[in-house]
Protein chains: 2
Amino acid sequence: MNVASQEIVGHSPFDSKKLDRLMEEADLDALVVTSRHNVQYLLGGYRFFFFDAMEAIGVSRYLPVFVYQRERPENAIYIGNRMEGFEKELGSIPVASAKAASWGTTDAMGLAADHIKALGPGVKRIGIEPSFLPSDAKEFLGEKLNSASLVDAQFVLERLRAIKTAVELDLVREASERVVSAMSATFDVCVPGMSKHDIVDRLRREEHDRDLVFEYCLIAAGNSHNRAPSNQRLQEGDVISLDSGGNYKGYIGDLSRMGVLGQPDAELSDLLQEIEEIQQRARRAIRPGALGGDIIAAGEEAVRRAPHGNVLDYTAHGIGLVSHEAPRLTDHGPVPYTPYDADQPLKPGMVVSIETAMLHASRGYIKLEDTLIVTEEGWEAPGDSARGWSTGGAMIPK
Amino acid sequence: MNVASQEIVGHSPFDSKKLDRLMEEADLDALVVTSRHNVQYLLGGYRFFFFDAMEAIGVSRYLPVFVYQRERPENAIYIGNRMEGFEKELGSIPVASAKAASWGTTDAMGLAADHIKALGPGVKRIGIEPSFLPSDAKEFLGEKLNSASLVDAQFVLERLRAIKTAVELDLVREASERVVSAMSATFDVCVPGMSKHDIVDRLRREEHDRDLVFEYCLIAAGNSHNRAPSNQRLQEGDVISLDSGGNYKGYIGDLSRMGVLGQPDAELSDLLQEIEEIQQRARRAIRPGALGGDIIAAGEEAVRRAPHGNVLDYTAHGIGLVSHEAPRLTDHGPVPYTPYDADQPLKPGMVVSIETAMLHASRGYIKLEDTLIVTEEGWEAPGDSARGWSTGGAMIPK
C-alpha cells in the first residue's frame, strides 16, 4: 500500500507510483480496466454486490469500468451500474470520481470515452484488457477515440498485483486455511454409499459456513482419475482427492488434500509420502532472490528421483485474485503462458501454489497442493494442515 | 423440447427447428455462442462446474464456445476447457461433437474458426453475442474467417429462450419458491441490533440451505431508500425490504417481500395493501393472446389511481436464465431496451416478473415483486406466499 497515493485519491489502496512506472515502461497514457478482478484491485477491494456472481442483465452485460490516467490519480474515474448509486451514497467506492450510470457494455464505455476525451489530446496510447473487454465495448471505444491506440495492458495489471500487500496476504491466509478446514470437516463425514456429488455438496456447505465463496471442487475417488463431480458412489477403502477453490473476499484458496474410507495401507502411506517429499523439496527452493524457475527445477528434480516419476505431474503457479497469475513459473503447467518469472527473483509478498499429482493405475488419483507465501525469511504455508491421509466417517465406531 | 432435434443430435434439448427459423429470419448461416447462459441453454443445462462462478484463469479467461450451423444440428460443436475432458468422458455434454481443448479466449476461438472453415464456403453470415464475446476472440475469429460477416445474434438467442419448456418452468418454480422461503426464514430471525449485512448474510445462508446460488440481495431498512447492504443497524419498528435473486440450476428466482420489526401499524398495512392492489391488477392482465404491453398498461393505470402514485415505481420484465430478458415489455423499466414484446401476444411458457416499489418519505422503501408464469388458463404465481408484513423475531416472546 502506497501512502502517498492514498492521500491523493482518498483511500485508494493501490500503489499508483508503481502503476505509473509500469505504464511508462509499456508507454501507456491511460488504462481502461474492465475485468472484475482488476477493478476490485484498483478499487481497494470494492466489488459491486449485485453482480458479484451474475453478469448478464437485459440484452447486455454488466461492465464495471475503471479509467486511470498515468501520473494523474486525481483524474481516475469509476463507471458502474446505476444501482451502484447506493454504494456511492455510502462512500464505499474509493476513487477520485465515481459515476453510477450504466446498464450495459456500450453505455458504460461511452461514459469512459467521454472522460478520456476530456483529459485532452495527450492521451494517445490506452491500455485495455482484451479478454475482459467485450467486443461491442471495444468497438465503441475505438470509434469514440479514433485517434488513440488501444493496447493490451494485461501484463501491466498483472505485474501491479504480483506482490501482495499485508492486507491481501491476510486474505490469502484466510482463504487457504478455510479451504483446508472445510476439506477436513468434509472428510470427517465421508462414508461408503455417498456419491461424489454428495461430497462436493458437503464441501460447498462447509466452505459457505466459513464465509467462503465456493468456486469449484475437482474430486477423484476410488481408482478413477476422472475429477468431475458425478454419481460415482464411494466404497469402503476408496481414496478421495479433493482439489477445491474457495475465495475469501475475492482471494482464492486453492489446495488439495487426500482422504480414504478406512485406514490407509502401507502402499497408500508410501505413495502420499512420495508426493509429500516432492512438495517439501519444492518449497525449500522458495526465498527472496531465488529465481521463479528454481521452484520448478527443485520439484522436477524431486520427480525424477521419485519411484513413480513416470506417473507424477508437478507444477507451480502464482495465485491471488486469479487462480493462475504472476509469478508465472513454467510454460508446461496446466495453464500455458510465457514463464516470465522463471528467471526473475522471487520477492516477499509473492504467493505461489505448488501441486504434485500421481495418476496411479490401481490406487487412483493422489494429490497435494499447497499455497506458499514468499517471506523475508523464506516462506510461509497457510492452511498447512491435514497433509496426510484423512480418514472418513467410516472409521467412527458404530 | 423438440423430439426431432433430439434424435438428430443425441439429447440436445433445444428446439432446433425454432432456432433454424429464427436464424433464417435473421439471415444467419451459423452461430458462435459464447455467453454462459446461452451455452447452458443450448447444451440442455450443462454448465462446466469449474467456471460456474470464476471466469479468469492465467492471462486470459474461460470462454465456452458453441457453434451451430443452420439446419445442421449434426454439425454442432462445443469447445470447452481442457478439464471438461472429465465431463466428456462421463457423457455429460449433449452435443454432436465436443472438444475439451482450450484454456483462454483465442485458443477456444481458433478451434471454433477451424470448425466453421471446415463447414465450407456457404457459411458467410455468422451470428455472435457482441457483449459476451471478448474483443480478442472476436478479432481472432474475424482474421481467421476474413470473408465472413459477424452479426449480432443476441435477439435470435433471446427469442429462442422466450417460451420456457416444462423442465425450465419447474426450475423457475423451484427458484421462486425457494427464494421466498429463504426470505421468510430470514425475517423470522430479524431482531433489533442486527445490521443490514447481518440480514443479508442470513439470507445467503438460507438460500444456500435450499440449494440456491445466492446472486444478490438489495435491502432497505427503516426510512432509508438506500438498498445496498451496509452496517446500518435495525431498530424496533423498522421496516425491511428484501429483494433477492437466487438461482436454481441457472434459473433466477427474483422476488421481493417485506418485514417489520414489530407489528405493522395501520398506515403500514395500508401502504402494503396499496402495492398489493397494483400487483394484483397487473397480473390479471396476463393470459395467452394478451399483449405484453397490457401488463404495463394495467399496472400503470393502477398506479395512477393509487393514493401514493407519485412515489410509486412500477415495472415488469421477462425473467429466466437472465434476470431481465424476453418478453421485453417496457422501455422505461430499470433496464432499458426496445420493448419488442409490448405489441406481441403473450404465450404460455413465458415468465414475467412484476414489481411495484413505493419510496415513502417517512415510512421507507416498500416493495413487492412477483414471478408470473403465463399458462393456458392465464397465469400461475410460484412463490406467492408471505405477501403481507412478515414480523421479525422481535415479536417472539422472551
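Residues numbered from 1 in each chain as written. Chains lettered and ligands numbered in written order. Predicted model: local features only at pLDDT ≥ 70, side-chain atom pairs only at ≥ 80, totals over all residues. Heavy atoms only, no water.

Draft legend 1. Main features of the overall build of chain A. From N to C terminus, chain A includes 11 helices and 16 strands. For 398 residues, the compact-globule estimate of 2.2 N^0.38 gives 21 Å, and chain A sits close to it at 23 Å. Residues classed as buried in chain A amount to 63% of the 398 residues present. In chain A, the share of contacts with a sequence separation of at least 24, taken over all contacts with a separation of at least 6, comes to 68%. Just so you have it, chain A exposes about 14300 Å², and 48% of that area is on carbon and sulfur atoms. (Helix = DSSP H or I, 4+ residues; strand = E, 2+ residues; numbered from the N terminus. Rg over C-alpha atoms; globule rule 2.2 N^0.38 Å. Buried < 20%, exposed > 50% of the residue type's maximum accessible area, 1.4 Å probe, protein only. Contact = heavy atoms within 4.5 Å. Areas by Shrake-Rupley, 256 points an atom, 1.4 Å probe, with all protein chains shown as cover.)

Draft legend 2. Focus on the packing of helix 10 (residues 266-284) of chain A against helix 11 (residues 292-305) of chain A. Residue and element names in this part refer to chain A. In contact at an axis separation of 8 Å, helix 10 and helix 11 are set at 150° when each is read in the N-to-C sense. The angle between helix 10 and helix 11 falls in the class roughly antiparallel. In the packing of helix 10 onto helix 11, the handedness of the crossing is right-handed. From helix 10, Ile278, Arg281 and Ala282 reach across to helix 11, where they touch Ile295, Ala298, Gly299, Ala302, Val303 and Arg305. Its residues assigned to classes, the contact of helix 10 with helix 11 shows six nonpolar, one polar and two charged. (Axes fitted to C-alpha atoms, helices over the stretch in contact; angles between N-to-C directions. Parallel < 35°, antiparallel > 145°, perpendicular 65-115°, else oblique. Left-handed = near helix turned anticlockwise from the far one by under 90°. Nonpolar A, V, L, I, M, F, W, Y, C, P; charged D, E, K, R; others polar.)

Draft legend 3. Region of interest: the interface of chain A and chain B. Taken together, the contact pairs 52 residues of chain A with 52 residues of chain B. For the pair chain A and chain B, the two sides together bury roughly 4700 Å², of which 62% comes from carbon and sulfur. One can count four salt bridges joining chain A with chain B. Across the salt bridge formed by Glu139(A) and Lys138(B), the nearest N and O atoms sit 2.7 Å from each other. Across the chain A-chain B interface, the total number found is 21 residue pairs in polar contact (both at pLDDT 80 or more). Only helix 3 (36-42), strand 2 (56-57), strand 3 (60-61), helix 4 (85-89), helix 6 (135-144), helix 7 (154-161) and strand 9 (213-221) of chain A provide two or more residues apiece to the side of chain A that touches chain B. (Buried area = accessible area lost by both parts, 1.4 Å probe. Salt bridge = Lys/Arg side-chain N within 4 Å of Asp/Glu carboxyl O. Polar contact = N/O pair within 3.5 Å; in protein donor to acceptor, adjacent residues only side chain to side chain.)

Draft legend 4. Broad picture of the relation of the copies chain A and chain B. Superposing chain A onto chain B requires a rotation of 180° together with a translation of 0.0 Å along the rotation axis, leaving an RMSD of 0.0 Å. Classification of the inter-copy transformation places it as that of a two-fold axis. Counting the interface residues of chain A, we find that 100% of their copies in chain B are interface residues as well, pointing to one common contact surface. (Least-squares fit on C-alpha atoms with pLDDT ≥ 70 in both.)

Draft legend 5. The arrangement of the pattern of salt bridges in detail. Tallied over the entire structure, the rule returns 70 salt bridges over all chains. For Arg36(B), the salt bridge identified is with Glu55(A), shortest N-O distance 3.6 Å. Here Arg36(B) is found in helix 3 (residues 36-42), whereas its partner Glu55(A) is found in the loop between helix 3 and strand 2 on a different chain. Arg36(B) gets classed as buried once you look at its relative accessible area, which sits at 6%. In this structure, the salt-bridge partner of Glu301(B) is Arg305(B), at a minimum N-O distance of 3.6 Å. In this pair, Glu301(B) and Arg305(B) both sit in helix 11 (residues 292-305), four residues apart, roughly one turn of the helix. On the basis of relative accessibility, which here comes to 33%, the residue Glu301(B) falls in the partly exposed class.

Draft legend 6. Region of interest: the sheet that holds strand 6 (residues 97-102) of chain A. Residue and element names in this part refer to chain A. Spatial ordering of the open sheet is given by 6-5-4-1-7-8, a layout of six strands whose pairing is mixed. Two strands close off the open sheet at either side, each with one partner strand: strand 6 and strand 8 (149-152). Averaged over all adjacent pairs, the angle separating strand axes in this sheet is 20°, with direction ignored. The pairing of strand 1 (residues 30-33) with strand 7 (residues 125-128) spans two bridges and is parallel. Bridge assignment links Ala30 to a residue of strand 7, and that residue is Ile126. (Pairing = 2+ DSSP bridges.)

Draft legend 7. Region of interest: the side chain of Glu215(B). The topology assignment puts Glu215(B) in strand 9 (residues 213-221). No salt bridge is formed by the buried Glu215(B); its nearest oppositely charged neighbour, Arg47(B), is found at 6.6 Å. A distance of 3.3 Å separates a polar atom in the side chain of Glu215(B) from the backbone nitrogen of Met54(A). In this structure the side chain of Glu215(B) is engaged in a polar contact, spanning 2.6 Å, whose partner is the side chain of Asn247(B). Apart from the residues lying within four places of it in its own chain, the contact partners of Glu215(B) are Phe49(A), Phe50(A), Ala53(A), Met54(A), Glu207(B), Gly245(B), Gly246(B) and Asn247(B). (Lys, Arg positive; Asp, Glu negative; His and termini not counted.)

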